[in-house]
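Single-letter residue listing:
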Amino acid sequence: MSTKGDLWPEGYDCIILDSVDSTNAEAARIAGDLKRPTWILAKTQTAARGRQGRHWENPVGNLAATLVMRPGGQAQEAALRSFFASNALFETLALYVDRTRLGLKWPNDVLLNGGKVAGILLESMGTAQGLDWLAVGIGVNLLHKPDGVRDAAFPPVALFDEGGAAVEPDIFLNALAANFATEEAIYAEMGFDMIRDNWLKRAARLGEVITARTSRDEITGVFETVDAYGNLILRTKDGMVPVPAADIYF
Ligand SMILES: O=C(O)CCCC[C@@H]1SC[C@@H]2NC(=O)N[C@@H]21
């Protein structure tokens, strides 16, 4: 595997590993010595993790990458980068499949033909004074879909099985890194509103009734928008309800 091809964005480093426990765990280990935002790409992960402590299956041939950076500011602002990553993933996948088959599912899954093709795991470290580092971990089922069905509502799918090309992880990462850098530039010039507008254009089920499930409760309402903090906004019979974290079903 190699990266830093023609598309590779200026100002970003890249580390390629044959095997690692988790690229997010590696991000945490190297964050203290970071000179520039750095993508970590691994051929295999032995302990890949998903959201909410779930296991993430990572067969060879799929993308396992983490962008680690020290953007400063507060954790809540930095976390908006999950929307940068979703937009960047959408545009990168759209190089290989018809974009009308793709959809973004709040907060940060990418659907292809209704199944989950990619997931994002954001992790960070900091204090009340500010963020120390942020890791944006991205897994894409390029070649294989995982065996275990974790979420029957959104079964995993692989890009290759759904009519996409057999794309190598390093080739995919070149385009993804370039698209992510474009999102950073949009954010720097125009702020989160533009990122959010672009995300909403690609969102699955906007304006439709969906259900948000947390460990404590379940809220059903019309998916109105995403607010300036990245919260999902549901219109319910009790009014507009902001949802900071949940799993979504439709
Ligand atoms: O649960 C999800 O949907 C998020 C999955 C994120 C998986 C990726 S693979 C690269 C990075 N390293 C990890 O251990 N997890 C993320």
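So, here is what we can say about the structure in this document. (Residues numbered from 1 in each chain as written. Predicted model: local features only at pLDDT ≥ 70, side-chain atom pairs only at ≥ 80, totals over all residues. Heavy atoms only, no water.)

1. A word on the nonpolar core
Argument step 1. Among the nonpolar cores identified, the biggest contains 58 residues, and Trp 39, Leu 63 and Ile 138 are the most heavily contacted of them.
Argument step 2. The element that contributes the greatest number of residues to this core is helix α4 (residues 169-190), accounting for eight residues.
Argument step 3. Domain assignment of the residues forming this core places at least three in each of domain 1 (13-201) and domain 2 (209-249).
Argument step 4. Those residues within four positions of Ile 138 in sequence are excluded, and the remaining contacts are Trp 39, Leu 63, Ala 64, Ala 65, Ala 85, Leu 89, Gly 119, Ile 120 and Leu 176. (Core = buried A, V, L, I, M, F, W, Y, C linked by side-chain atoms within 4.5 Å. Buried < 20%, exposed > 50% of the residue type's maximum accessible area, 1.4 Å probe, protein only. Helix = DSSP H or I, 4+ residues; strand = E, 2+ residues; numbered from the N terminus. Domains from an automatic or database assignment. Contact = heavy atoms within 4.5 Å.)

2. As for the site of the ligand
Argument step 1. Neighbouring the ligand are 20 residues; Ser 22, Gln 45, Arg 49, Arg 51 and Lys 116 lie closest to it.
Argument step 2. The contact in question runs from a nitrogen atom of the ligand to an N or O atom on the side chain of Thr 23, over 3.0 Å.
Argument step 3. One nitrogen or oxygen atom from the side chain of Lys 116 is found 2.5 Å from an oxygen atom belonging to the ligand.
Argument step 4. Counting only elements with at least two residues in the shell around the ligand, the list comes to α1 (23-30), β3 (63-69), β6 (115-127) and β7 (130-140).
Argument step 5. The leading source of residues in the shell around the ligand is β6, at four residues.
Argument step 6. Looking at the shell around the ligand, its residues break down into seven nonpolar, nine polar and four charged. (Near = heavy atom within 4 Å. Polar contact = N/O pair within 3.5 Å; in protein donor to acceptor, adjacent residues only side chain to side chain. Nonpolar A, V, L, I, M, F, W, Y, C, P; charged D, E, K, R; others polar.)

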